[in-house]
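What the coordinates show
Spelled out, the chains give:
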Amino acid sequence: MNRIDPPNAKGQHLDADELLRAFVEQPVAPLPEADASRLRDQVTRALESRRVVVRGRFERWQPWLLFAAAACLPIAIWAGVARVHGVAARHDDTAIVRSLAGSAEIAHGDVAQSIAGTGDAPLGPGDELRTGRDATARASLPTGAVVDVGPLARVRFSATGSGAMVRDRLELAAGHVDVRVPKLPAGSEVRVQTPDAMVTVHGTKFSVDRIEAAGARPAGTRVSVTEGVVTVDTDHGQRTLTAGMELSTPEASPPALTPEAPLAPSADDTPPPATGSGASSTLAAENALLADVMRLRRDGQTERALALVDAFVARYPRSPLMETARAERQRLVDTLRREGAARTP
């Protein structure tokens, strides 16, 4: 690398350090006022000329920039909502068959593939699990729910959501399923749909049968609840089932509820007294009473429903439905509080 070392006053060449030291010790003299003013004007004109050029370019590109921003805005909003709320984020595996006894197959459209009883068998969107005459299968869902599929069943699985908020769907075309759902976080749920009923649950244990038509008997659905509470929507309305209750929905007639829930309680809103020594079994009465509480709440009779659920708590302090009753009571108290706040001027 060539270096030019200017000589000093004595004709000696200086190295870089000496040059820097000389620059500090002997600063450049300021320009005369006329020269400084002329230099400032030149710099100002150059900057103004550059600003005009840049502004012209921006004005020419501004419509295109605005168009591009407007086109990208919906995509950015959708991506943000999907990231926060898990909107329409589909799972590649809607269910995984963990165990299988007997013969079964996974069908997708017109193509069906047999699966073995060992190893996991994932099901994707649109896949249908079909079990043989003597077969049973167990599948796990993204929510953590476990589904036991009975013989001669046809069921499809789907799942949406992301993170902690997941919604599982089962479409039962034939056969029997037992579903065990863990306690789910807010926004998550499991639904089982048949041609004439929709069962929605947030954490419970229940079973659903699709009953084929036979002779004069029409096809229908039977829902049985072992633990917790489920809601069943049919063409005849919505019913709430608690532990020990069963709902059958023949397509040709209104659904029959077993055990039969009583009509709305009388004015004193007191539960029926226990009969017999030790009340050998009060579960049916407890279910019916709690069903009345829920029906009154849906009808907007909040105060009567609250009085009835208080009577339930006092009458059955050791009921297996106590957790459900307390949650129902808290919901009623919150409703009354909101109604009172709305009436306050």
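All figures in this text were calculated on a predicted structure; none of them were measured in a lab.

1. Some thoughts on the overall build of the protein chain
Of regular secondary structure, the protein chain possesses 5 helices and 17 strands. Per-residue burial over the protein chain gives 33% buried out of 345 residues. By sequence separation, contacts in the protein chain at least 24 residues apart represent 49% of the contacts at least 6 residues apart. Total accessible area on the protein chain stands at roughly 21400 Å², and carbon and sulfur atoms take up 56% of it.

2. Focus on a nonpolar patch on the surface
A grouping of Leu31, Leu39, Val43 and Leu47 is seen on the molecular surface, where their side chains present a nonpolar patch of about 380 Å² in accessible area. Structurally, the position occupied by Leu31 is in the loop between α1 (16–25) and α2 (33–85).

3. Comments concerning the confidence of the model for the protein chain
Per-residue confidence for the protein chain gives a mean pLDDT of 75, with 72% of residues at or over 70. A low-confidence stretch, residues 251–270 stays under pLDDT 50, and its non-local contacts, those more than four residues away or across chains, total 44 contacts. Note that residues 273–280 has pLDDT below 50 and, in this model, 3 contacts with residues that lie over four places away or in other chains.

4. Brief notes about the pattern of salt bridges
As enumerated under the stated definition, the model contains 17 salt bridges in all. The closest approach of N and O atoms between Arg191 and Glu189, which form a salt bridge, is 3.1 Å. Residue Arg191 is classed as partly exposed on the basis of its relative accessible area of 27%. Since its relative accessible area comes to 9%, Glu189 is described here as buried. Of the charged contacts in the structure, one is a salt bridge between Arg295 and Asp292, with a shortest N-O distance of 2.3 Å. Highlighted residues: Arg295 and Asp292, both in helix α3 (residues 283–298), separated by 3 residues, approximately one helical turn. You can call Asp292 buried: its relative accessible area is 3%.

5. Observations regarding helix α4 (residues 302–315)
For α4, built from 14 residues, the straight-helix expectation of 20 Å at 1.5 Å per residue is met to within 8% by its first-to-last C-alpha distance of 20 Å. Considered for burial, the residues of α4 that qualify are Thr302, Ala305, Leu306, Leu308, Val309, Ala311 and Phe312.

6. Regarding unusual backbone geometry
A positive phi is found at Leu152, a non-glycine position, where the angle reads about 50 degrees. Its location among the elements puts Leu152 in the loop between β7 (146–149) and β8 (154–162). Classification of Leu152 by relative accessible area gives partly exposed; the value is 46%.

7. Here we look at α3
Because an α-helix completes one turn every 3.6 residues, residues spaced three or four positions apart along the sequence face the same direction. Compared with an ideal rise of 1.5 Å per residue, which puts 16 residues at 22 Å, α3 spans 23 Å between its outermost C-alpha atoms and is within 8% of the ideal. Within α3, burial applies to Glu286, Asn287, Ala288, Leu289, Leu290, Ala291, Asp292, Val293, Met294 and Leu296. In the segment just after α3, Gly300 is the residue with positive phi, at about 85 degrees.

About the cut-offs
Residues numbered from 1 in each chain as written. Predicted model: local features only at pLDDT ≥ 70, side-chain atom pairs only at ≥ 80, totals over all residues. Heavy atoms only, no water. Helix = DSSP H or I, 4+ residues; strand = E, 2+ residues; numbered from the N terminus. Buried < 20%, exposed > 50% of the residue type's maximum accessible area, 1.4 Å probe, protein only. Contact = heavy atoms within 4.5 Å. Areas by Shrake-Rupley, 256 points an atom, 1.4 Å probe, with all protein chains shown as cover. Patch = residues over 30% accessible without salt bridge, like charges linked within 9 Å, V, L, I, M, F, W, Y side chains within 5 Å. Salt bridge = Lys/Arg side-chain N within 4 Å of Asp/Glu carboxyl O. pLDDT = per-residue confidence, 0-100. Expected span 1.5 Å × (residues − 1).

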